Each structure stands twice: as C-alpha cells, then as structure tokens.
Amino acid sequence: MSVHAAFRFLSRGPEATHAVARALSSVLDSGGLVIALRGPLGAGKTAFVKGLAEGLGLDPGIVSSPTFVIAQEYPCEARGMRLVHLDLYRLEGPGELEAAGFLDVLDAESVVAIEWADRMPQALPQDRLEIELSAPDVAGEAVRVISVLATGLVAESVLRRWGLCLGVAGTVELESV
C-alpha cells in the first residue's frame with residue numbers, strides 16, 4: 001500500500017474536531033469513501049463522526065458509538081448518500097465483519113466511517129483515508145493531533161480538497177507531513 005498524501009491537523013478542542021470533520025464532508029461530492037479511524041478510547045473518534053454527520057446535513061445528536069450494534073446507517077437524502085458508522089472493537093475477525101454486512105456498504109453512495117479500524121486493517125479496502133486521533137501531553141489543554149493518510153486515488157483526491165478547504169477556512173492549524 002503506497003501513501004499518496006498525508007496531513008496533520010491540530011485540534012484545540014471538540015468544536016475544532018467537529019469543524020475538521022464538517023470540512024471533510026463539505027468536499028464530498030458523493031460516497032465511495034472509507035474512513036478508517038484509529039485512536040485510544042476517548043480520543044474523539046465518535047466526535048469526529050458526529051462532525052462528519054453534521055456536515056452531511058444530519059443532526060449530530062443522533063450519532064452514537066455503534067460498539068454494541070456494530071453498525072449504524074444514516075441516510076443523507078439531501079446529499080444523495082448515506083453515512084455508515086461501524087465499530088470493530090468487539091469483532092473477532094474479518095469473518096464477523098463480513099457477516100455484519102461490511103461488503104454491502106462499500107458502494108458509491110456510502111461514506112463509511114470505521115472506528116477501531118486498526119483491529120482489522122487487512123479487511124479494509126486499499127483506497128481509504130486513515131485518520132489517527134491522539135492527544136499529546138499538553139497540560140490543561142484538550143489538544144488533539146489528527147493525522148491523516150490517503151491511500152488510493154479517491155482518498156488522495158478527497159484529502160487534497162479537504163486540505164485546501166481547511167487552509168482557506170483557517171479552521172485548524174494545518175501542517176504538511
């Protein structure tokens with residue numbers, strides 16, 4: 001797997017994390033994108049998906065972590081796509097992921113956000129955005145580092161548009177890596 005593009009965003013709180021995700025949704029012309037989310041418990045993976053949902057015209061309050069249900073689907077009629085939110089934390093292997101209908105949501109109408117994607121990287125499509133959320137040691141601040149890698153042509157195109165959007169909007173600090 002070759003990395004085509006990479007960026008690092010600094011988020012100074014949950015609102016900035018939501019803004020980064022809303023900016024991503026603003027550059028999506030259609031579905032067909034897989035977003036592999038990684039990070040420790042409490043890093044902001046579900047918060048990121050809430051921002052993504054809001055940017056797609058959904059109420060972020062309806063988004064919750066699908067840890068126990070494995071997958072949630074949210075139709076975005078106004079955008080002609082759907083947001084599929086998966087959580088791999090409780091799954092034991094790719095067979096369980098496939099049994100949960102994973103292959104059925106990999107289509108041109110779906111934006112698929114996968115929490116705990118690092119548990120089964122071999123089951124993910126090659127073309128994807130890999131987003132890692134981490135919290136560096138900054139005393140008293142809710143700073144998150146959001147590192148993004150694009151692997152594949154679709155993901156690379158989305159990442160480039162997303163970076164331009166954030167650079168122009170000044171939503172967060174943008175750093176090329």
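Residues numbered from 1 in each chain as written. Predicted model: local features only at pLDDT ≥ 70, side-chain atom pairs only at ≥ 80, totals over all residues. Heavy atoms only, no water.

### Some details on the overall build of the protein chain
Here's step 1: Helix and strand counts for the protein chain stand at five helices and eight strands.
Here's step 2: In the protein chain, which comprises 177 residues, the proportion classed as buried is 49%.
Here's step 3: Expressed as a percentage of contacts within the protein chain between residues at least 6 apart in sequence, the contacts between residues at least 24 apart total 70%.
Here's step 4: Accessible surface for the protein chain amounts to roughly 8,200 Å². Of this, 53% is attributable to carbon and sulfur atoms. (Helix = DSSP H or I, 4+ residues; strand = E, 2+ residues; numbered from the N terminus. Buried < 20%, exposed > 50% of the residue type's maximum accessible area, 1.4 Å probe, protein only. Contact = heavy atoms within 4.5 Å. Areas by Shrake-Rupley, 256 points an atom, 1.4 Å probe, with all protein chains shown as cover.)

### Section: the pattern of salt bridges
Here's step 1: For the structure shown, the criterion picks out seven salt bridges.
Here's step 2: Between Arg-82 and Glu-73 there is a salt bridge, with its nearest N and O atoms 2.7 Å apart. (Salt bridge = Lys/Arg side-chain N within 4 Å of Asp/Glu carboxyl O.)

### Considerations on the nonpolar core
Here's step 1: Counting 36 residues, the largest nonpolar core has Leu-24, Leu-52, Leu-83, Leu-129, Ile-131 and Trp-162 as its most contacted members.
Here's step 2: Residue contributions to this core peak at five residues, all from helix α5 (residues 153-169).
Here's step 3: Not counting residues up to four positions away in its chain, the partners in contact with Leu-52 are Ala-21, Arg-22, Leu-24, Ser-25, Ile-35, Leu-83, Val-111 and Ala-113.
Here's step 4: Counting 16 residues, the second-largest nonpolar core is a separate cluster that includes Leu-91, Leu-97, Ala-117 and Met-120. (Core = buried A, V, L, I, M, F, W, Y, C linked by side-chain atoms within 4.5 Å.)

### Re the environment of Ala-117
Here's step 1: The topology assignment puts Ala-117 in the loop between β5 (110-115) and β6 (128-134).
Here's step 2: A residue is classified by how much of its surface remains accessible, and Ala-117, at 3% relative accessible area, is buried.
Here's step 3: In this structure the C-alpha to C-alpha distance between Ala-117 and Glu-130, which are 13 residues apart in sequence, comes to 8.6 Å.
Here's step 4: Discounting chain neighbours no more than four positions away, the residues touching Ala-117 are Ala-36, Leu-37, Leu-88 and Leu-124.

### Let's talk about the packing of helix α1 (residues 14-26) against helix α2 (residues 45-55)
Here's step 1: It is the contact of α1 with α2, at a shortest axis distance of 7 Å, that shows an interaxial angle of 45°. The angle between α1 and α2 places the two elements in the oblique class. Once α1 is placed against α2, the crossing between them reads as right-handed. Of α2, the residues touching α1 (which contributes Thr-17, His-18, Val-20, Ala-21, Arg-22, Leu-24 and Ser-25) are Ala-47, Phe-48, Lys-50, Gly-51, Leu-52, Glu-54 and Gly-55. (Axes fitted to C-alpha atoms, helices over the stretch in contact; angles between N-to-C directions. Parallel < 35°, antiparallel > 145°, perpendicular 65-115°, else oblique. Left-handed = near helix turned anticlockwise from the far one by under 90°.)

### Concerning the environment of Leu-86
Here's step 1: Following the sequence through the fold, Leu-86 ends up in strand β4 (residues 81-87).
Here's step 2: In this view, Leu-86 contacts Pro-66, Ile-70, Ala-71, Phe-102, Val-112, Ala-113, Ile-114 and Glu-115; residues no more than four positions away in its chain are not counted.

### Focus: the confidence of the model for the protein chain
Here's step 1: Across the protein chain, pLDDT averages 84, with 87% of residues at or above 70.
Here's step 2: A low-confidence stretch, residues 168-177 (pLDDT under 50), is modelled with 24 contacts involving residues beyond four sequence positions or located in other chains. (pLDDT = per-residue confidence, 0-100.)

### Some points on the packing of aromatic side chains
Here's step 1: Within this structure, the stated rule accounts for three aromatic pairs.
Here's step 2: With 4.8 Å between their ring centres and 45° between their planes, Phe-9 and Trp-162 make a pair best called tilted. Highlighted residues: Phe-9 in strand β1 (residues 5-11) and Trp-162 in helix α5, separated in sequence by 153 residues. Here the two residues Phe-9 and Trp-162 agree in accessibility, since each one is buried.
Here's step 3: Judged by centre distance (6.3 Å) and plane angle (70°), the rings of Phe-48 and Trp-162 are edge-to-face. Residue Phe-48 is located in helix α2, and its partner Trp-162 is located in helix α5; the two are separated by 114 residues in the primary sequence. You'll find Phe-48 and Trp-162 in the same group, each marked buried.
Here's step 4: Over the face of the ring belonging to Trp-116 we find Lys-45, whose NZ or CZ atom lies 4.1 Å from the ring centre. (Phe/Tyr/Trp six-rings, centres within 6.5 Å; stacked < 30°, edge-to-face > 60°. Lys NZ or Arg CZ within 6 Å of the ring centre and 35° of its normal.)

### What to know about the side chain of Thr-17
Here's step 1: Looking at where Thr-17 falls in the secondary structure, it is placed in helix α1.
Here's step 2: Residue classification places Thr-17 among the buried positions, given a relative accessible area of 4%.
Here's step 3: Thr-17 has contacts with Ser-11, Gly-44, Phe-48, Leu-133, Arg-144 and Ile-146, leaving out every residue within four places of it along the chain.

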